[in-house]
Amino acid sequence: MNRREFLLSSAAFGAMMLAAPSAFAQNKLTILGSVPNLGFPFFVHMLNEIKAEAAAQGVNLTESDGQNSATKQTADIEAALVQKVNAIVISPLDVNALAPAIEEAVKAGVPVVTIDRRVDGVEGILAHVGADNVKGGEAEAQAMVAAFPNGAKLFHLQGQPGAGPAIDRNKGVHNVLDPLKDKYQIVFEQTANFARAEALSVTEAGLAANGKPDAIVCANDDMALGAMEACAARNFTDVKIYGFDALPEALVAVRDGKLAGTVEQFPGEQSRTAVRIAVAFAKDKTEPKEKLVLLTPIVIGKDNLDKAERIGETK
């Protein structure tokens, strides 16, 4: 068996393992909705919104959980191509590792719309819908600066290397803080891979080596919640911690004063918009008005909790 036969065989097997719709043969369009890892609440919400919009548009959805594996997400794309899906809506785990599979889909004539994480190296992607993560990182850092007008010592927990949002949020934070480094000193900066447990251990290490900071800026809410736990264990409850994603649990923590703020990037609106673009093109080749749709993130604090997309999910 040569490599192409093996890949096709593997993809065909993967097609059976995907959550394929039962109404596949009812002449309805079918799209693939793929997210990096359903172990993260952010991506659970994103996939739920993809499902809701697919239902509203009257199309079938094949669901894909990348399980934090670029190999798994690649196989799911290949399986979807074997199934002959009409469009792909995807948030890629790693924009570089997923580029070959996305390019394969584009060459096969399947429209691809990316969400949240932009793949710049592939020509022919129909559209990208996301948040302006650079502006989001800037807003997060500016909120911290506003809370400490006389300067601060801070930790910075970065996201998963290779993930577009992690790269852009890091850039945004440094855009604001680097020119102010005489007043705002990043004394500890390390990736915690967007993971809560890892953020807990990374923050513990940072506290042991550097003492208590004034603030901790995190590239997502899971890391912020992990950092919060590490600080609480040392009774450092006055450390101002900032997250990103406006998860319901983080919104509750903001409401209760345990987190200083979180950045809302409107993932539900991203997901619904991406599905609408993909379905419109799959139905009648309607080109999107914009190839790049970027929503502007905002910082959610106690004073504007009503602006959060998921405030209705809080208890």
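Here, the structure is the one placed above.
Because the structure is predicted, anything quoted here is derived from the model rather than measured. (Residues numbered from 1 in each chain as written. Predicted model: local features only at pLDDT ≥ 70, side-chain atom pairs only at ≥ 80, totals over all residues. Heavy atoms only, no water.)

**Q** Quick one: what's the story with the overall build of the chain, residue by residue and with numbers?
**A** Helices and strands together make up the secondary structure of the chain, namely ten helices and twelve strands. By the compact-globule yardstick of 20 Å for 315 residues, the chain fits well, its C-alpha radius of gyration being 20 Å. Structurally, the chain occupies a C-alpha span of about 60 × 45 × 35 Å along its principal axes. The buried share of the chain, reckoned over its 315 residues, is 53%. Taking all contacts inside the chain whose residues are at least 6 apart in sequence as the whole, residues at least 24 apart take part in 75%. (Helix = DSSP H or I, 4+ residues; strand = E, 2+ residues; numbered from the N terminus. Rg over C-alpha atoms; globule rule 2.2 N^0.38 Å. Buried < 20%, exposed > 50% of the residue type's maximum accessible area, 1.4 Å probe, protein only. Contact = heavy atoms within 4.5 Å.)

**Q** Kindly report on the packing of helix α7 (residues 196–210) against helix α8 (residues 221–233), identifying the contributing residues and their values.
**A** For the pair α7 and α8, the least separation of the axes is 7 Å and the interaxial angle reads 45°. Between α7 and α8, the angle falls in the class oblique. For the pair α7 and α8, the crossing hand works out as right-handed. Residue-level inspection shows Arg196, Ala199, Leu200, Thr203, Glu204 and Leu207 of α7 in contact with α8, the latter providing Asp222, Met223, Leu225, Gly226, Ala227, Glu229, Ala230 and Cys231. (Axes fitted to C-alpha atoms, helices over the stretch in contact; angles between N-to-C directions. Parallel < 35°, antiparallel > 145°, perpendicular 65-115°, else oblique. Left-handed = near helix turned anticlockwise from the far one by under 90°.)

**Q** Please set out the packing of helix α3 (residues 70–83) against helix α4 (residues 99–107) residue by residue, giving values where relevant.
**A** Close contact between α3 and α4 brings their axes to 9 Å; oriented N to C, the two are set at 15°. Classified by the angle their axes make, α3 and α4 are roughly parallel. The crossing of α3 and α4 is left-handed. For the pair formed by α3 and α4, the contact residues are Thr74, Ile77, Glu78 and Leu81 on the first element and Ala101, Ile102, Glu104 and Ala105 on the second.

**Q** Please give an account of the packing of aromatic side chains that cites residues and values.
**A** In this structure the tally under the stated criterion is three aromatic pairs. Aromatic pair phenylalanine 42 and phenylalanine 43: ring centres 5.2 Å apart, planes at 80°, arrangement edge-to-face. An identical accessibility class is assigned to phenylalanine 42 and phenylalanine 43; each is buried. An aromatic cluster of at least three residues, connected via ring pairs, comprises Phe40, Phe42 and Phe43. Just above the ring of phenylalanine 244 sits the side chain of arginine 169; from NZ or CZ to the centre is 3.8 Å. (Phe/Tyr/Trp six-rings, centres within 6.5 Å; stacked < 30°, edge-to-face > 60°. Lys NZ or Arg CZ within 6 Å of the ring centre and 35° of its normal.)

**Q** Help me get a handle on the sheet that holds strand β7 (residues 184–191), residues and values and all.
**A** With mixed pairing, the six strands of this open sheet are ordered in space as β7-β6-β8-β9-β10-β12. Both edges of this open sheet fall to β7 and β12 (298–300), since each of them pairs with a single strand only. Here the average twist between neighbouring strands, direction ignored, is 20°. By the bridge criterion, three bridges tie strand β8 (residues 215–218) to strand β9 (residues 240–244) in an arrangement that is parallel. Residue pairing for β9: valine 217 is matched across the bridge by tyrosine 242. Taken strand by strand, α8 contacts β6 (152–158), β8, β9 and β10 (261–264), and its axis lies near 160° from that of β9. (Pairing = 2+ DSSP bridges.)

**Q** Describe the nonpolar core, naming the residues involved and giving the relevant values.
**A** In this structure, Ile50, Leu157, Ile216, Ile241 and Leu259 are the most contacted members of the largest nonpolar core, which totals 59 residues. Ignoring any residue separated from it by four or fewer positions in sequence, one finds isoleucine 50 in contact with Gly33, Val35, Leu61, Val89, Ile115, Ser271 and Val275. Core analysis: the next-biggest nonpolar cluster, separate from the first, contains 18 residues, Leu81, Ile88, Val95 and Ile102 among them. (Core = buried A, V, L, I, M, F, W, Y, C linked by side-chain atoms within 4.5 Å.)

**Q** Would you mind going over α7 in detail, with residue names and values included?
**A** An ideal rise of 1.5 Å per residue puts 21 Å on 15 residues; α7 measures up with 20 Å between its terminal C-alpha atoms. Among all positions in α7, only Ala199, Leu200, Val202, Thr203, Gly206 and Leu207 are buried. Those residues of α7 that are buried are in contact with β6, β7, β8 and α8. Within two residues after α7, glycine 211 carries a phi angle of roughly 80°, on the positive side. (Expected span 1.5 Å × (residues − 1).)

**Q** For empty space enclosed by the protein, give the residues involved together with the corresponding values.
**A** Throughout the structure, instances matching the rule amount to one cavity of 30 Å³ or more. One number sums up the size of the largest cavity: a volume of about 40 Å³. Glu140, His156, Gln158, Gly159, Ala166, Arg169, Asn170, Val173, Val217, Cys218 and Ala219 together form the lining of the largest cavity. Those elements giving two or more residues to the lining of the largest cavity turn out to be β6, α6 (164–177) and β8. Of all the elements, α6 adds the most residues to the lining of the largest cavity, at four residues. Class assignment of the residues belonging to the lining of the largest cavity gives a composition of five nonpolar, four polar and two charged. (1 Å grid on protein atoms, 1.4 Å probe; cavity = no way out; pocket = protein on both sides within 12 Å on 5 of 7 lines; lining within 4 Å. Points joined across faces, edges and corners; volume = space filled by probe spheres on them. Nonpolar A, V, L, I, M, F, W, Y, C, P; charged D, E, K, R; others polar.)

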